[in-house]
Structure formats: C-alpha cells, structure tokens
Amino acid sequence: MLRYANPKRFMDLSGPALPWLGAAAAIFLGAGLYLGFAAPPDYQQGDTVKIMFVHVPAAWVAMMTYGLMAVSAAVGLIYRHPLADVAAKAAAPLGAVFTALALITGSLWGKPMWGAWWVWDGRLTSFLILLLIYLGYIALWNAIEDETRAARATAILALVGAVNLPIIEFSVRWWTTLHQGESILRPGGPSISAVFLWPLFAMALGYTLLFFTLWIVRIRTEILERRARSLMLGLS
Amino acid sequence: MSGFFALDQYANFIWAAYGVSVLGIGVAIVLCARSYTRAKARLANLEKGNS
C-alpha cells in the first residue's frame, strides 16, 4: 500500500476527489444544521441541547485527527515514508482548531448547565492537554529547520502524546466527573433520542468530511511547497 | 421562519457556540485555500523561471 502512496500519485488521485468531498461535507453540514434546529428542546437541557450538535462533532474530529496524526507519524518514523510525515504535519493545525472549538463550545454549554465555564475534571483537563500537545507539536515542527530531524522529533512527540487518547475516552469512567458518560457508542446502544441522534450523525459526518477535505488541501500545499523548496535549492 | 430559530433563555450561549464554530471553521477553510493557492502560484513561477 505504501508503494502507491507516493506524493505524485497522491496529487493525481486527490485533485479530482476534493470537490466531491467538499460538496458532501457541505450537504451533511446543511442537513445537520436543519435537523438540529428542527429538533425539539430536550426535557432537561432545553434548547442548549443544540450546542451538542457542534460540540460533539468537533470533539470527535479532534480525537480522530490525533489518531490519524499518530499513525502517520509512526509510519513516517518506521518506514521513512515522506508522505506520512507530510500527512502528520498537515493534520496538526486542523486538530488544534477542532480541539479549541470543542473546548469553547463545551464551555458555552457548561455555563448554563453546570453554572461554570470550566471545571478541572478528567474529561475537560485531558482535552485541554490534547490542545497543548497539538500546539507543542506545531511549535516543534517550526523550531527545527531540518525536515528529516523535525519529522523524527515530532513523530516521537505524537506517539508519546497518543497516550492521552484513551485517557480522554475513558476519563468519564475512571474518575467522578461532571461531564456526562458515553451516550452514543456504549454497550446497549445509544441512550439519546433519535430526534437528537440524526442531526448529531449528520453533523459528525459533515465535520469528518470537512476535515478530510482540508487535510487533503494541506497535504497538497505541503507537497507543492517542498517541490518549490527543492527547485529553489536546484536554482541556487 | 423566526419560529424555527426561536430559542429559550439560553439563546445567547447557543448562538455564541454556533458563531464560534462557523468562525473557526471559516478561518480554517480560508487559510487552507489561501496557502494552497499561494504554493501553487509560487511553484508555477519557479517552474516557469526554470524552463
């Protein structure tokens, strides 16, 4: 599989796929927003349940992005695959944006529901750590000039930071927390009503497709920039 | 239409959450598209100069 994942082949395949991915993301986000605003108020949360439709997908994409970044970093570290390094580097800023959105929208839900913008509980704290790891990863890439050394150092950081993913996931089980437990992917099926589940699925799919669209754009940008840099070196 | 968007006493929090999401995603889209267009133009210029 790695044989086919070279930058030239990636550029050829990803170009035609981009408009379709972007359009699919827009359709699912549009459908999710419509269904979300059409949904009735929750019997406990009232209309603040609508914040869930932007908070949960952002949190899901933030964690998925880190998983993809860590896998790409591992592939880059083990196989010295240039596209894997580029993919990991391109994912980080997007992951940071979605993590920040999850934290801010969570805070905007927490104030009316818990009476506090922030609490130092397991889920929130581990999610804040995720943002700090993303920022540290981006800073480390920018601090090391040599691309090969930067890729190796950041890959190690990404792999060490991956320990935080199961902590985020299981924090609501391991510690007493204000954050509610799993309500969708749980034994016995989702515990939330279908009127909230459908808009949530549509938004989660829309966010995921949007992430892949932007990730591909960023990978293509990095490939073009590297080509330009090598041309510059050839000219000088 | 206004009934569709009518929200309870916490409307400010809900609109702020949607506003921040639209802003964050919008900025990400614009920055990604802008740096892609710039990288493409830069490479094209270099290739033109090289040929």
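Structure's up top.
A. Main features of the overall build of chain A. What chain A contains, in helices and strands, is seven helices and zero strands. Counted from the first residue to the last, chain A has its helices and strands arranged as α-α-α-α-α-α-α. Overall, chain A is about 65 × 35 × 30 Å in size when its C-alpha atoms are taken along their principal axes. Considering chain A as a whole, with its 236 residues, one finds that 39% of them fall into the buried category. Here the analysis covers contacts within chain A between residues at least 6 apart in sequence; of these, 78% occur between residues at least 24 apart.

B. Spotlight on the interface of chain B and chain A. Across the boundary between the two partners, chain B contributes 26 residues, which contact 33 residues of chain A. Of the residues in the side of chain B that touches chain A, the class split is 19 nonpolar, four polar and three charged.

C. A look at the packing of helix H2 (residues 52-79) of chain A against helix H5 (residues 147-161) of chain A. Residues and elements named next belong to chain A. Running from amino to carboxyl end, H2 crosses H5 at an angle of 135°, the nearest separation of the two axes being 9 Å. Classified by the angle their axes make, H2 and H5 are oblique. The handedness of the crossing between H2 and H5 is left-handed. For the pair formed by H2 and H5, the contact residues are Met-69, Ala-70, Ala-73, Ala-74, Gly-76 and Leu-77 on the first element and Ala-151, Arg-152, Thr-154, Ala-155, Ala-158 and Leu-159 on the second. In terms of residue class, the contact of H2 with H5 is made up of nine nonpolar, two polar and one charged.

D. Highlighting helix H4 (residues 122-143) of chain A. Residues and elements named next belong to chain A. For H4, built from 22 residues, the straight-helix expectation of 32 Å at 1.5 Å per residue is met to within 8% by its first-to-last C-alpha distance of 31 Å. Residues of H4 that are buried: Arg-123, Leu-124, Phe-127, Leu-130, Ile-133, Tyr-134 and Tyr-137. Packing partners of the buried residues in H4 comprise H2, helix H3 (82-114), H5 and helix H6 (164-174).

E. Expanded view of unusual backbone geometry. Residue and element names in this part refer to chain A. The backbone of Arg-80 shows a phi angle near 55°, a positive value even though the residue is not glycine. As for its position among the elements, Arg-80 is in the loop between H2 and H3. In this structure Arg-80 comes out as exposed when scored by C-beta crowding, with 12 C-beta atoms within 10 Å.

F. The arrangement of the nonpolar core in detail. The biggest cluster of nonpolar side chains holds 71 residues, and the ones touching the most others in it are Ala-58, Ala-62 and Trp-215 of chain A. Among the elements of the structure, helix H1 (7-38), H2, H3, H4, H5 and helix H7 (194-235) of chain A together with helix H1 (11-50) of chain B are those that each provide at least two residues to this core. With near-sequence residues (within four places) excluded, Trp-215 of chain A lies in contact with Ala-90, Ala-91 and Leu-94 of chain A.

G. Looking closely at the packing of H4 of chain A against H5 of chain A. Residue and element names in this part refer to chain A. Closest axis-to-axis distance for the H4/H5 pair is 9 Å, and the angle between their directions is 170°. Considering their axes alone, H4 and H5 lie roughly antiparallel with respect to each other. On the side of H4, the interface is formed by Ile-133, Gly-136, Tyr-137, Leu-140 and Trp-141, while H5 contributes Ala-150, Ala-153, Thr-154, Leu-157, Ala-158 and Gly-161. Grouping the constituent residues of the contact of H4 with H5 by class yields eight nonpolar, three polar and no charged.

H. The arrangement of the environment of Leu-68 of chain A in detail. With respect to the helices and strands, Leu-68 of chain A occurs in helix H2. Along the primary structure Leu-68 of chain A and Trp-215 of chain A are separated by 147 residues, whereas in three dimensions their C-alpha atoms are 11 Å apart.

Reading the values: the criteria
- Residues numbered from 1 in each chain as written.
- Chains lettered and ligands numbered in written order.
- Predicted model: local features only at pLDDT ≥ 70, side-chain atom pairs only at ≥ 80, totals over all residues.
- Helix = DSSP H or I, 4+ residues; strand = E, 2+ residues; numbered from the N terminus.
- Buried ≥ 20, exposed ≤ 12 C-beta atoms within 10 Å, placed from the backbone.
- Contact = placed C-beta atoms within 7 Å.
- Nonpolar A, V, L, I, M, F, W, Y, C, P; charged D, E, K, R; others polar.
- Axes fitted to C-alpha atoms, helices over the stretch in contact; angles between N-to-C directions.
- Parallel < 35°, antiparallel > 145°, perpendicular 65-115°, else oblique.
- Left-handed = near helix turned anticlockwise from the far one by under 90°.
- Expected span 1.5 Å × (residues − 1).
- Core = buried A, V, L, I, M, F, W, Y, C linked by C-beta atoms within 7 Å.

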